[in-house]
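Below are the chains, spelled out letter by letter.
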Amino acid sequence: MIFDKLKDEVEKLLSRYPVKRSALLPLLYIAQREEGYVSEPAMKEIAMLLDLTPSQVYETVTFYSMYNLKPIGKYHIQVCRSLMCALVGSDNVVEWIHKKLEITPGQTSSDKNFTLSVVECLGSCGTGPMMQVNDDYYERLTEEKVGHILDELKQKGSSSMKSGPFMFPQLAK
Amino acid sequence: MAKYEKILFKNMEQPGYVGSLKEYEHLGGYQALRTVFAGMAPADIIETVKQSGLRGRGGAGFPTGVKWSFIPKDHPGPKYLCCNADESEPGTFKDRQLMERDPHQVLEGMAITCYTIGAETAYIYIRGEFWLGAQILERAIEDAKQAGYLGSDVLGSGKTINIYVHRGAGAYICGEETALLESLEGKRGKPRFKPPFPATHGLYQKPTVVNNVETLANIPHIMNRGAEWFAAIGEPPKGSGTRIFCLSGHVKRPGNYEVPMGVTFREMIYEVGGGMRSNTPLKAFIPGGASAPFLTPEHLDVKMDFESVAKAGSMLGSGGITVMEEGTNMVWAALRLMEFFYHESCGKCTPCREGSSWLVQTMQRIWRREGRTSDLDLLLDLCKSIEGRTVCAFGEAEVSPIVSTMRHWRSEYEELIREAEASRPNSKQEIPVLSQA
């Protein structure tokens, strides 16, 4: 059971809403954080917590694209492919990643480190092409930069090139 | 362009400013909240916001004060404020900057709004991908609570205002206000039929105001400096105040720029944005996010206010300006947006659900040089059957790339179809097999 050891976190979440069901999306995020994806047992557990049926949870989770219903690689690379990023070369980013990791969209690398997805607009249109890896944004990508980020992730588990609090254009130094 | 004063970016453009509570207070932050809590009547605040001419910055441009005035004053029981931070309109990335660089400006605007409409609870519905923004807001809320600006006894008044961050999970449609409410209730984010409007039947069927991040960030400044000051900025009465425009595409200096309403697209793209990326002439631009119809170089001198852009056949929408240079294929551009809308259709209304899939398949076969002459009429016919026949404005939005590119660049569609016809041995019997999008 995922939530047994997270009673405080769940309590805190539930206290934010007058209606329990509102905590559904946040609880699904916790399930995904704990297991890497949203499993069926987790959905059943959430249903119990919120007095819902498992099918109500399933109905909701399948509407949203950020929940993975199957296990994926340690790092989920999501490349924005919408028009604004496409104008500045997002299709190249997919190519660069393919060259480097030998995976195409929808695939996971053989070492289970990376899963590649192409997704629709991530709200970073002025700093495209861009990708999101797990929670972090990486923007104004070049082939060199992408290679560097993937190497760092593999070797150190994090990359120094992730975006901080957003401001673009940046202030002149 | 004449010199002007920035309002929303003023703090964050101070060297070294990171948006902490201390810095925000040091630059006059939370003064407006103090003024309001010193005993301003909610009716007076609504009147001030009405007089200021502030219109919603999310896309529809509805007058903010008027929206607030729809909340029933004597309603027993809870009312809610929701800050729409879903920022899902392609081409738009301003709210991210407002939240991550100066979160207290947004929180102060929210607290004043809560006081005005009588809400004790407010939610910031932020798009799921903005994980960093959500962390920054959570931290800022905690700091504001410690300082007495939020919590159960705001500024010693005994009044309660709690703000919570609620992350979405990757659905464009949740930027539509009633879909946002559904999603916040833990359901699939499908828009509700209106009326009733959120002002009377919103979150949990209670009176609710939904305002965009940028709209709320303007509130403290209007309270501090008065309605007349704000109403005189920009292009009153068509558009008061400044607006943050997001430049993207083939422009030299993309990014967020705060300018007074009413500058022209030419000034925005060529002066502020530095002109075209590789000095190739401009071919097309989208003036207000993916939902806004494409415009052409002849519209460059249109003023960027709600009404002028509407008159030019498009909309100011969310303020996302996407610029395309000569050489960009307009069928391809429309297809990319169509694929977005197909992916994001929530599936509630048949014309949109079925129509988006049909449109995307037709566009894809034209782009693959497998189209037929009749496809052009088919596309327009489909668009007509979607527009105005859906619960929310998504229907109008999804047809706009096709309708507008067909209006201005029909020859590019025809060219692709000519190529298809030429490569087809016997065009009468050949019906291309459709692939799933």
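As the structure is a computational prediction, the values presented were derived from the model and not from experiment.

1. What about the overall build of chain B?
Alright, step 1. Scanning chain B from terminus to terminus reveals 16 helices and 10 strands.
Alright, step 2. At 23 Å, chain B has a C-alpha radius of gyration in line with the 22 Å of a compact globule built from 437 residues.
Alright, step 3. Seen through its principal axes, chain B has C-alpha atoms that stretch 80 × 45 × 35 Å.
Alright, step 4. Counting every position in chain B, which comprises 437 residues, the buried fraction comes to 61%.
Alright, step 5. Residue pairs in contact within chain B that sit at least 24 positions apart in sequence constitute 70% of those at least 6 positions apart.
Alright, step 6. Summed over all atoms, the accessible surface of chain B reaches about 16100 Å², with 51% contributed by carbon and sulfur.
Alright, step 7. On chain B, the mean spot of the 49 positive side-chain charges and the mean spot of the 52 negative ones are 1 Å from each other.

2. Some details on the packing of helix 5 (residues 94-101) of chain B against helix 6 (residues 103-117) of chain B
Residues and elements named next belong to chain B.
Alright, step 1. At a closest axis distance of 4 Å, the pairing of helix 5 and helix 6 adopts a crossing angle of 95°. Relative to helix 6, helix 5 is oriented roughly perpendicular. Where helix 5 approaches helix 6, its residues L98, M99, E100 and R101 are matched on the opposing element by P103, Q105 and V106.
Alright, step 2. Tallied by class, residues from the contact of helix 5 with helix 6 come to 4 nonpolar, 1 polar and 2 charged.

3. Description of the domain arrangement of chain B
Interface size is commonly expressed as the accessible area that is lost once the parts come together.
All names here are of chain B.
Alright, step 1. Here chain B is partitioned into domain 1 (21-232), domain 2 (240-325) and domain 3 (330-423).
Alright, step 2. A C-alpha centroid distance of 36 Å is found between domain 1 and domain 3.
Alright, step 3. Every contact between the two is made by 11 residues of domain 1 and, on the other side, 9 residues of domain 3.
Alright, step 4. The contact between domain 1 and domain 3 buries some 890 Å² in all, and 74% of this surface belongs to carbon and sulfur atoms.
Alright, step 5. Joining domain 1 to domain 3, the criterion identifies 0 salt bridges.
Alright, step 6. The tally of links between domain 1 and domain 3 comes to 2 residue pairs in polar contact (both at pLDDT 80 or more).
Alright, step 7. Split by residue class, the side of domain 1 that touches domain 3 holds 6 nonpolar, 2 polar and 3 charged.

4. Focus on the interface of chain A and chain B
Alright, step 1. Across the boundary between the two partners, chain A contributes 48 residues, which contact 66 residues of chain B.
Alright, step 2. Interface area for chain A against chain B, summed over the two sides, is near 4700 Å², with a carbon-plus-sulfur share of 59%.
Alright, step 3. Summed over the shared surface of chain A and chain B, the result is 4 salt bridges.
Alright, step 4. The tally of links between chain A and chain B comes to 29 residue pairs in polar contact (both at pLDDT 80 or more).
Alright, step 5. Where the side of chain A that touches chain B is concerned, the elements lending two or more residues are helix 2 (24-35), helix 4 (54-61), helix 5 (83-87) and helix 6 (90-101) of chain A.

5. Let's talk about the packing of aromatic side chains
Alright, step 1. Counting across every chain of the model gives 22 aromatic pairs over all chains.
Alright, step 2. The interplanar angle of 75° and the centroid separation of 6.4 Å between the aromatic rings of F294(B) and W409(B) together place this pair among those described as edge-to-face. Taken as a pair, F294(B) in the loop between strand 9 (282-286) and helix 12 (306-311) and W409(B) in helix 16 (residues 394-423) lie far apart in primary sequence, 115 residues in all. For the pair shown, F294(B) and W409(B) are each scored as buried.
Alright, step 3. Feature note: the residues Y17(A), Y80(B), Y123(B), Y164(B) and Y204(B) constitute an aromatic cluster, connected by ring pairs.
Alright, step 4. If you follow R369(B) out to its NZ or CZ, it ends over the ring of W367(B), 4.8 Å from the centre.

6. Notes on the environment of G226(B)
Residue and element names in this part refer to chain B.
Alright, step 1. Examined against the element boundaries, G226 turns out to sit in the loop between helix 9 (213-225) and helix 10 (227-231).
Alright, step 2. Take G226: its relative accessible area is 22%, and that puts it in the partly exposed class.
Alright, step 3. Considered as a pair, G226 and V49 are 177 residues apart in the sequence and their alpha carbons are 8.8 Å apart.

7. Observations concerning the pairing of strand 8 (residues 255-260) of chain B
Within a regular beta strand, the side chains point alternately toward one face of the sheet and then the other, so they alternate between its two faces.
All names here are of chain B.
Alright, step 1. By the criterion of burial, strand 8 is predominantly enclosed, with 6 of the 6 residues buried.
Alright, step 2. Residues G255, Y257 and V259 of strand 8 are buried on one face, and the alternating residues N256, E258 and P260, pointing to the opposite face, are buried as well.
Alright, step 3. In the sheet, strand 7 (residues 242-249) pairs with strand 8 via 6 bridges, with the strands oriented antiparallel. Across the sheet, I244 pairs through a bridge with E258, a residue of strand 8.
Alright, step 4. In this antiparallel pair of consecutive strands, strand 7 and strand 8, the connection spans 5 residues.

8. Looking at the sheet that holds strand 2 (residues 121-126) of chain B
Residue and element names in this part refer to chain B.
Alright, step 1. Pairing is parallel across the open sheet formed by 4 strands, whose spatial order is 3-2-1-4. At either end of the open sheet lies a strand with only one pairing partner, and these are strand 3 (162-167) and strand 4 (208-212). Averaged over all pairs of adjacent strands, the angle between their axes in this sheet comes to 20°, without regard to strand direction.
Alright, step 2. Pairing analysis gives 6 bridges linking strand 1 (residues 80-85) to strand 2, with the strands arranged parallel. Considered in strand 2, the bridge of N84 is made with Y125.
Alright, step 3. Against the sheet, helix 9 touches strand 1 and strand 4, its axis set at about 95° to strand 4.

9. Some words on the pairing of strand 1 (residues 75-80) of chain A
Residues and elements named next belong to chain A.
Alright, step 1. Extensive coverage of strand 1 is indicated by the burial of 6 of its 6 residues.
Alright, step 2. Residues Y75, I77 and V79 point to one face of strand 1 and H76, Q78 and C80 to the other, with burial holding for every one of them.
Alright, step 3. The sheet contact formed by strand 1 and strand 2 (residues 114-119) spans 6 bridges and is parallel. Within strand 2, the residue paired with H76 across the bridge is T115.

10. What about the sheet that holds strand 3 (residues 131-133) of chain A?
Residue and element names in this part refer to chain A.
Alright, step 1. The strand order 2-1-3-4 describes an open sheet built from 4 strands, whose pairing is mixed. For this open sheet the edge positions go to strand 2 and strand 4 (136-138), each flanked by a neighbour on one side alone. Between one strand axis and the next, the sheet turns through 25° on average, direction left out of account.
Alright, step 2. Here 3 bridges tie strand 3 to strand 4, and the two strands are oriented antiparallel to one another. Looking at strand 4, one finds that Q132 is bridged to Y137.
Alright, step 3. Against the sheet, helix 6 engages strand 1, strand 2 and strand 3, with an angle of about 150° to strand 1.

11. Description of the pattern of salt bridges
Alright, step 1. Enumeration according to the criterion identifies 44 salt bridges over all chains in this entry.
Alright, step 2. Across the salt bridge formed by E5(B) and R225(B), the nearest N and O atoms sit 2.8 Å from each other. Taken together, the residues E5(B) in the segment before helix 1 (21-26) and R225(B) in helix 9 connect sequence positions 220 residues apart.
Alright, step 3. The class for E5(B) is partly exposed, based on a relative accessible area of 35%.
Alright, step 4. With a closest N to O distance of 3.3 Å, E325(B) and R277(B) form a salt bridge. Of the two residues, E325(B) is situated in strand 10 (residues 320-325) and R277(B) in the loop between helix 11 (265-272) and strand 9; the sequence distance between them amounts to 48 residues.
Alright, step 5. The exposure class assigned to E325(B) is buried, which follows from its relative accessible area of 12%.
Alright, step 6. Classification of R277(B) by relative accessible area gives partly exposed; the value is 37%.
Alright, step 7. Through salt bridges with shared partners, one network takes in R81(A), D91(A), E120(A), R336(B) and E339(B).

About the criteria used
Residues numbered from 1 in each chain as written. Chains lettered and ligands numbered in written order. Predicted model: local features only at pLDDT ≥ 70, side-chain atom pairs only at ≥ 80, totals over all residues. Heavy atoms only, no water. Helix = DSSP H or I, 4+ residues; strand = E, 2+ residues; numbered from the N terminus. Rg over C-alpha atoms; globule rule 2.2 N^0.38 Å. Buried < 20%, exposed > 50% of the residue type's maximum accessible area, 1.4 Å probe, protein only. Contact = heavy atoms within 4.5 Å. Areas by Shrake-Rupley, 256 points an atom, 1.4 Å probe, with all protein chains shown as cover. Lys, Arg positive; Asp, Glu negative; His and termini not counted. Charge placed at Lys NZ, Arg CZ, Asp CG, Glu CD. Axes fitted to C-alpha atoms, helices over the stretch in contact; angles between N-to-C directions. Parallel < 35°, antiparallel > 145°, perpendicular 65-115°, else oblique. Nonpolar A, V, L, I, M, F, W, Y, C, P; charged D, E, K, R; others polar. Domains from an automatic or database assignment. Buried area = accessible area lost by both parts, 1.4 Å probe. Salt bridge = Lys/Arg side-chain N within 4 Å of Asp/Glu carboxyl O. Polar contact = N/O pair within 3.5 Å; in protein donor to acceptor, adjacent residues only side chain to side chain. Phe/Tyr/Trp six-rings, centres within 6.5 Å; stacked < 30°, edge-to-face > 60°. Lys NZ or Arg CZ within 6 Å of the ring centre and 35° of its normal. Pairing = 2+ DSSP bridges.

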